[in-house]
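Residue-level structure breakdown
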Amino acid sequence: QVQLVESGGGLVQPGGSLRLSCLASGSYFSIIVMDWYRQSPGNQRELVARITPGGNTYHADSVKGRFFISRDNVKNTVYLQMNSLKPEDTAVYHCHVNIASIDYWGQGTQVTVSS
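Residues numbered from 1 in each chain as written. Predicted model: local features only at pLDDT ≥ 70, side-chain atom pairs only at ≥ 80, totals over all residues. Heavy atoms only, no water.

Our focus in this paragraph is the overall build of the protein. Of the regular secondary structure elements, the protein holds zero helices and 11 strands. Seen in sequence order, the protein has helices and strands lined up from the N terminus as β-β-β-β-β-β-β-β-β-β-β. Taking 115 residues into account, the globule formula puts the C-alpha radius of gyration at 13 Å, and the protein, at 13 Å, falls close to it. Counting only C-alpha atoms, the protein reaches 40 × 25 × 20 Å along its principal axes. The buried share among the 115 residues of the protein stands at 43%. Split by element, the accessible area of the protein, about 6100 Å² in all, is 48% carbon and sulfur. Separation of charge centres in the protein, based on 9 positive and 8 negative side chains, amounts to 4 Å. (Helix = DSSP H or I, 4+ residues; strand = E, 2+ residues; numbered from the N terminus. Rg over C-alpha atoms; globule rule 2.2 N^0.38 Å. Buried < 20%, exposed > 50% of the residue type's maximum accessible area, 1.4 Å probe, protein only. Areas by Shrake-Rupley, 256 points an atom, 1.4 Å probe, with all protein chains shown as cover. Lys, Arg positive; Asp, Glu negative; His and termini not counted. Charge placed at Lys NZ, Arg CZ, Asp CG, Glu CD.)

Given below as structure tokens:
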């Protein structure tokens, strides 16, 4: 059973910050690649950030320098620190993992950047 539970979304003003969390079930966490995706109306789902078990990271050009993915293998949690938020960052953010060729998604958390 793979279960991903997200938290941390909300309404924030432009220039503000939020930290998203994704708590994963099970003892497998330390050996899997974890992703953050986002999707907003009219836009294709976008890979925002990815982190490997060893801590190597990828960030999309649209968020590079503003968003930072990290993980805590003891707490079984992956984070997305979002700084200098812009209105175009408004989206539903989903935690994602692929295990044994199966995609697992969190329920999604809404991030709205607006004044």
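We are not done yet, so read on.
Inspection of the secondary structure assignment puts Arg38 in strand 4 (residues 34-39). Polar side-chain contacts of Arg38 include one of 3.0 Å to the side chain of Asp89. Discounting chain neighbours no more than four positions away, the residues touching Arg38 are Gln44, Arg45, Glu46, Val48, Ser62, Val63, Phe67, Asp89, Ala91, Val92 and Tyr93. (Polar contact = N/O pair within 3.5 Å; in protein donor to acceptor, adjacent residues only side chain to side chain. Contact = heavy atoms within 4.5 Å.)

Right, let's get into the pattern of salt bridges. Applying the stated criterion across every chain, the model contains five salt bridges. Overlapping salt bridges, with partners in common, bring together Arg38, Glu46, Arg66 and Asp89 in one network. (Salt bridge = Lys/Arg side-chain N within 4 Å of Asp/Glu carboxyl O.)

A few words on the pairing of strand 11 (residues 109-113). On strand 11, burial follows the alternation: Thr109, Val111 and Val113 on one face are buried, whereas Gln110 and Thr112 on the facing-out side are not. As paired strands, strand 2 (residues 10-12) and strand 11 are joined by three bridges and run parallel to one another. Directly across from Val12, in strand 11, lies its bridge partner Val113. Two elements, strand 9 (residues 91-99) and strand 11, share three bridges in a ladder whose sense is antiparallel. In the strand pairing of strand 11, Tyr93 is matched with Thr109. (Pairing = 2+ DSSP bridges.)

What follows covers the sheet that holds strand 1 (residues 4-7). Here four strands make up an open sheet; going across it, the order is 1-3-8-7 and the pairing antiparallel. Either end of the sheet is taken by a strand with one partner, and the two such strands are strand 1 and strand 7 (67-72). Across the sheet, the mean angle from the axis of one strand to that of its neighbour is 15 degrees, orientation sign disregarded. Strand direction decides the pairing type here: strand 7 and strand 8 (residues 77-82), joined by six bridges, are antiparallel. For Phe68, the partnering residue across the bridge sits in strand 8 and is Gln81. (Axes fitted to C-alpha atoms, helices over the stretch in contact; angles between N-to-C directions.)

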